[in-house]
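Letter by letter, the chains look like this.
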Amino acid sequence: MPLPRPQAAPLLSSRPTPTPRLLRALAPPRRALVVSSPLLGFASAEARGLAAPLRAVVSADHREPEMEAGRPLRVGLICGGPSAERGVSLNSARSVLDHIQVGRMQGEDLVVSCYYIDSAMNAFAISPAQLYSNTPSDFDFKLESLAQGFRSLSDFADHLSTNVDIAFPVIHGKFGEDGGIQALLEKANVPFVGTPSKECQCAFDKHSASLELDIQGFLTVPNFLVEKDKLAKPELEAWFQTINLCKENGKVIVKPTRAGSSIGVVVAYGVNDAAQKAEEIISEGIDDRVIVEVFLEGGTEFTAIVVDVGTANNSEPVVLLPTEIELQRSISSDDTTEDTIFNYRKKYLPTQQVVYHTPPRFPAEVIDCIREGLSLLFRRLGLHDFARIDGWFLPSPVTSLPSAENSGKFGNTKYGIVLFTDINLISGMEQTSFLFQQASAVGFSHSRILRTVVQHACSRFPSLVPCKNAWTTLSKKLRSSKQAEAIHKGTSRQKVFVIFGGDTSERQVSLMSGTNVWLNLQGFDDLDVTPCLLAPANGYFSSHDQDFNDISREVWTLPYPLVLRHTTEEVHAACVEATQPERVEITSRLREQVMNELGPPLSKHDWFAGFDIAYEQPTKYSLQQWINHVKEAGAVVFIAVHGGIGEDGTIQTLLESAGVPYTGPGPIASRTCMDKVATSLAVEHLTSYGVHTIPKDVRATEEVLKPSIIDIWNELKAKLRTETVCVKPACDGCSTGVARLCCPKDLEVYTNALRRKFQRLPANCLSRAHGVIEMPVPPPESLIFEPFIETDEIIISNKLENGNARHLVWKGENGWLEITVGVVGKHGEMHSLNPSITVKERGDILSLEEKFQGGTGINLTPPPATIMSEEALQRCKKSIEVMANSLGLEGFSRIDAFVNVRSGEVLLIEVNTVPGMTPSTVLIHQALAEEPPVYPHKFFRTLLDLAFERAK
């Protein structure tokens, strides 16, 4: 399509600091460039006159470790590492940072410094803000310009020995759980959380651990070790025969001995297949030692967190409530082996192929056996502080597990066999991880369990006794002071209800957003925050009914543990399960049992502040009943429902009619922005302000599904005057159903997916390369077709052989780039944050994962000065603000647009009135790009305060 003619604007090589516009905490001057790019002239931090990052994350006075009264505990958080689990490590570190410091004493009794080890084993001191990069690629690209590197790992350890009191490694896999980082810290006499190096080496290697478990008297899974260049197929065949497996098609699991997160784990059938897949794991460099294990057909996997609550010289491990992992077979999947493994995607991304049950639906004797065995295992293997251990329960005999030979081993019950398989020495600590799921079920909040683990680790090191005592004294003093202050003020806490869920294709992102908002707001002492699930109109497993009465829809108020799930379906199922009398009785009894085991030993420690999560039942309301309940409570609602009634003005209208304050724009603005055509019409008069719109052709989905694909394609090309078309649902967001169509065949593939109600289009099924495209289910009533806007390509170079950093390559041929920008403020006074450019790593359109789930992509906030001049940037932000005010936005929203980097003119794509609020979403990046950085908890509190002010 012909794009608006840009006005000339010089490309500046550096930026003057503009005069900031004040909007409480969110109106700063523009920050300096955030990426290193030699080709584009990006300067280093010191060259730009900024403080060196190391000085920002390390105490300025560099005091020696003797403990003066009143000094907070200094914790060194270490993440990253060389393994494929680096992304999980970054998520864990972000979660620890978010939660270990929250609450009434934030930053007063505990201070966290952050460190990162890259894939080449280089160590860096980083700022906490860097942990909110959405991907490892994003993180690594910015690393060399934002972080302070150490000359060697030895120098890094020496630095830790004088600048932190205790290290907290959250490196998963290689170097984190194999004893590597522990040995480094031990050599430098740095106290650390977790198991010592020697014990890590034994427990992390799956083959070594299996041998040790057998020696210690536990039942184990028969396995065969394959080492690099040592595969003897006759020996493998003999092993198959020994355990009564058919050598042609006997089912086995093949996995690396020293990798976690199910990376490299595959199913194989027979000797030849097993040998081939073992060699593939080795050749791909995942590991040079591989084990072939019996596939435990008919078994159920479980996992359990173990926490040591004993004294320095007396380990007293307590096993929390185990979690049963129920895999759901995918009816539509062509890969029958995919459904049988609890793989990386099922562990860390939303999927309906796995359901968790805490506690497991096993007989009581089996649960007792699991807990007793894991406590014993923890002691015998010499583990420290905490761990997560996986295993299997097999209710039916397995021919490859000789019962006579194993009758004296631990794990036999009258109901079946219990096996322990994988030992995770540094459990994942993402917001909804097993650590927090199980800890919350027995009374620990995220903050309380993390502090318990750190404090217990401190108690094991004699050198930290003065430090621990001083920290405990300071904590108690601060708690007493805060409590006295609250009593003196005599104020009750403001009630806040965070609602998320719904039934659109965006519901899983909504769950992540709502959970993140709830956990961040929970840290404020003056707020009482309740998470709430908006159930779908007709149940998650029923067809969608467009005529269902919105006010009759279900809303569940959720207890703490039930929020920590991966999908809305799972949360809803957990609510239903939690109201069943039998499950209530079992859960209550086991919870009481575990808390009785935890309470007495923990109460001996003067640092333990008690349990802080009460046992509650979920409560079901109709939407109207829930609104009445919210009104009676005098509460404010934080809306985190993406799409559907969360963004089309329905919830806003109901809340406004009841006089209940809420976050975000009002009903009219929400309704307008939900309809992309109406949004364009509402701003088409703003051309003189540098705001333009894209031509659209709106068609009923029924019409597009007719067989005349060639005719429709030719009509679209003629009307839109384009060779390439962008299609999207008329009322949906988060990249759902957005695709680039280049030919009639692409249109046919797309319409076929709608007709057959596919949940997603596989990667690269259209003529141009692309990632997985999430599809709207049910199909939308209408579709929008637009000319596909060609933007300038920004390429991320590979790291050069001479060691120079990766950099941006941008030719700037037509001057248009895609941006996304948050707007925050009052009605008529909206303020634009700094826009972000996301450099896509595949395809033309950002996927749902790239936007919200830490998938791929590199985020540049603000746009680099050598791409977009300061003058063009300010024009762009001004146009965005004019657009936001013209649309009647308030509170906060996100605007996606194309921008001409020379003139600052913008071409509107869409407006999201309930934007994504996940831990790594772009709004977080933009808030952190402010000066000083606005961290997530303060950002969400700002949005809540805007709702309070509007109500007043």
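The model shown is predicted, which means the values in this text are computed figures rather than measured ones.

## Digging into the sheet that holds strand β7 (residues 251–256)
Judged by pairing direction, the sheet is antiparallel, and its four strands sit side by side in the order β6-β9-β7-β8 without closing on themselves. At either end of the open sheet lies a strand with only one pairing partner, and these are β6 (223–227) and β8 (266–269). Averaged over all pairs of adjacent strands, the angle between their axes in this sheet comes to 30°, without regard to strand direction. As defined by bridge partners, β6 adjoins strand β9 (residues 289–294) across five bridges and the pair is classed as antiparallel. Paired with Leu 225 across the two strands is Ile 291, which belongs to β9. Seen against the sheet, helix α7 (residues 206–215) touches β6, β7 and β9 and runs at an angle of roughly 50° to β9. Together, β6, β7, β8 and β9 form the strand contacts of helix α9 (residues 270–283), whose direction differs from that of β8 by roughly 145°.

## Regarding helix α5 (residues 180–187)
Because the α-helix completes a turn every 3.6 residues, residues three or four places apart line up on one side. If you check which residues of α5 are buried, you get Ile 181, Gln 182, Leu 184 and Leu 185. Taken end-on, α5 shows its buried residues confined to a sector of 160°, consistent with a single buried face. Against the buried residues of α5 lie β1 (73–80), β2 (110–117), α4 (153–163), β5 (166–169) and α6 (197–204). Once α5 ends, the next one or two residues include Asn 189, with phi positive near 60°.

## Digging into the sheet that holds strand β28 (residues 782–787)
Strands pair in a sheet through their backbones, by hydrogen bonds, and they do so in one of two ways: parallel or antiparallel. Strand order across the open sheet formed by four strands is β23-β28-β24-β25, with antiparallel pairing between neighbours. The sheet is open, and its two edges are formed by β23 (697–700) and β25 (739–741), each paired on a single side. In this sheet, adjacent strand axes meet at a mean angle of 30° when their direction is disregarded. Against the sheet, helix α24 (residues 709–720) engages β23, β24 (725–729), β25 and β28, with an angle of about 155° to β23.

## Some remarks on the packing of aromatic side chains
Enumeration according to the criterion identifies 22 aromatic pairs in this entry. Judged by centre distance (5.0 Å) and plane angle (50°), the rings of Phe 362 and Phe 393 are tilted. Taken together, the residues Phe 362 in the loop between β13 (354–357) and α11 (364–380) and Phe 393 in strand β14 (residues 386–394) connect sequence positions 31 residues apart. In this pair, the class of Phe 362 matches that of Phe 393, namely buried. We note Arg 740 situated over the ring of Phe 788; from NZ or CZ to the ring centre the distance is 4.0 Å.

## What about the side chain of Asp 98?
Among the secondary structure elements, Asp 98 is positioned in helix α2 (residues 86–100). Buried charge Asp 98 goes without a salt bridge, the closest partner of opposite sign being Arg 94 at 6.1 Å. In contact with Asp 98, not counting residues within four places along its chain, are Tyr 132, Gln 431, Asn 520 and Pro 936.

## Considerations on the environment of Gly 416
One can find Gly 416 in strand β16 (residues 416–424). A sequence separation of 22 residues divides Gly 416 from Leu 394, and the C-alpha atoms of the two residues are 5.5 Å apart. The residues contacting Gly 416, other than those within four sequence positions of it, are Phe 393, Leu 394, Pro 395 and Gly 411.

## Some details on helix α27 (residues 870–886)
Between its first and last C-alpha atoms α27 spans 24 Å; for 17 residues at 1.5 Å apiece the expected length is 24 Å, and the two agree. Within α27 the residues assigned to the buried category are Glu 870, Ala 872, Leu 873, Cys 876, Lys 877, Ser 879, Ile 880, Glu 881, Val 882, Met 883 and Ala 884. Where the residues of α27 are buried, they touch α22 (676–683), β22 (691–693), β31 (816–826), β32 (829–832), β35 (891–900) and β36 (906–912). Of the residues trailing α27, Gly 888 is marked for its positive phi of about 80°.

## A look at the nonpolar core
The tendency in soluble globular proteins is for nonpolar side chains to be buried as a group. Leu 77, Leu 131, Phe 168, Met 429, Leu 521, Trp 626 and Phe 638 are the most contacted members of the largest nonpolar core, which has 148 residues in total. Among residues more than four places away in sequence, those in contact with Leu 131 are Leu 77, Cys 79, Leu 90, Ala 93, Arg 94, Leu 97, Cys 114, Ile 126 and Phe 139. With 37 residues, the next largest nonpolar core counts Ala 669, Ile 794, Ile 819 and Val 906 among its residues.

## Brief notes about unusual backbone geometry
Following Thr 861, the chain continues into Pro 862 via a peptide bond in cis, with omega recorded as -10°. Tracing the chain through its elements places Pro 862 in the loop between β34 (858–860) and α27. Cis geometry is adopted by the peptide bond preceding Pro 932, which originates at Glu 931 and carries an omega value of 5°. Take Pro 932: it is sitting in the loop between α28 (922–928) and α29 (936–951). At Met 121, a position not held by glycine, the phi torsion is positive, near 70°. Within the secondary structure, Met 121 is located in the loop between β2 and β3 (123–126). Relative accessible area serves as the criterion here: at 26%, Met 121 is assigned to the partly exposed category.

## Thoughts on the pairing of β28
Counting buried positions over the six residues of β28 gives five, a clear majority of the element. In this structure, β23 lies alongside β28, joined through four bridges in antiparallel fashion. Considered in β28, the bridge of Val 698 is made with Ile 784. The pairing of β24 with β28 spans five bridges and is classified as antiparallel. Paired with Cys 726 across the strands is Glu 786, a residue of β28.

## A short note on the pairing of β24
Counting buried residues along β24, five of its five residues qualify, which places the element largely inside the surrounding structure. Of the two faces of β24, the one holding Val 725, Val 727 and Pro 729 and the one holding Cys 726 and Lys 728 are both buried throughout. The pairing of β24 with β25 spans three bridges and is antiparallel. The partner of Cys 726 across the bridge, within β25, is Arg 740.

How each quantity is defined
- Residues numbered from 1 in each chain as written.
- Predicted model: local features only at pLDDT ≥ 70, side-chain atom pairs only at ≥ 80, totals over all residues.
- Heavy atoms only, no water.
- Pairing = 2+ DSSP bridges.
- Helix = DSSP H or I, 4+ residues; strand = E, 2+ residues; numbered from the N terminus.
- Axes fitted to C-alpha atoms, helices over the stretch in contact; angles between N-to-C directions.
- Contact = heavy atoms within 4.5 Å.
- Buried < 20%, exposed > 50% of the residue type's maximum accessible area, 1.4 Å probe, protein only.
- Arc of directions from axis to C-beta.
- Phe/Tyr/Trp six-rings, centres within 6.5 Å; stacked < 30°, edge-to-face > 60°.
- Lys NZ or Arg CZ within 6 Å of the ring centre and 35° of its normal.
- Lys, Arg positive; Asp, Glu negative; His and termini not counted.
- Salt bridge = Lys/Arg side-chain N within 4 Å of Asp/Glu carboxyl O.
- Expected span 1.5 Å × (residues − 1).
- Core = buried A, V, L, I, M, F, W, Y, C linked by side-chain atoms within 4.5 Å.

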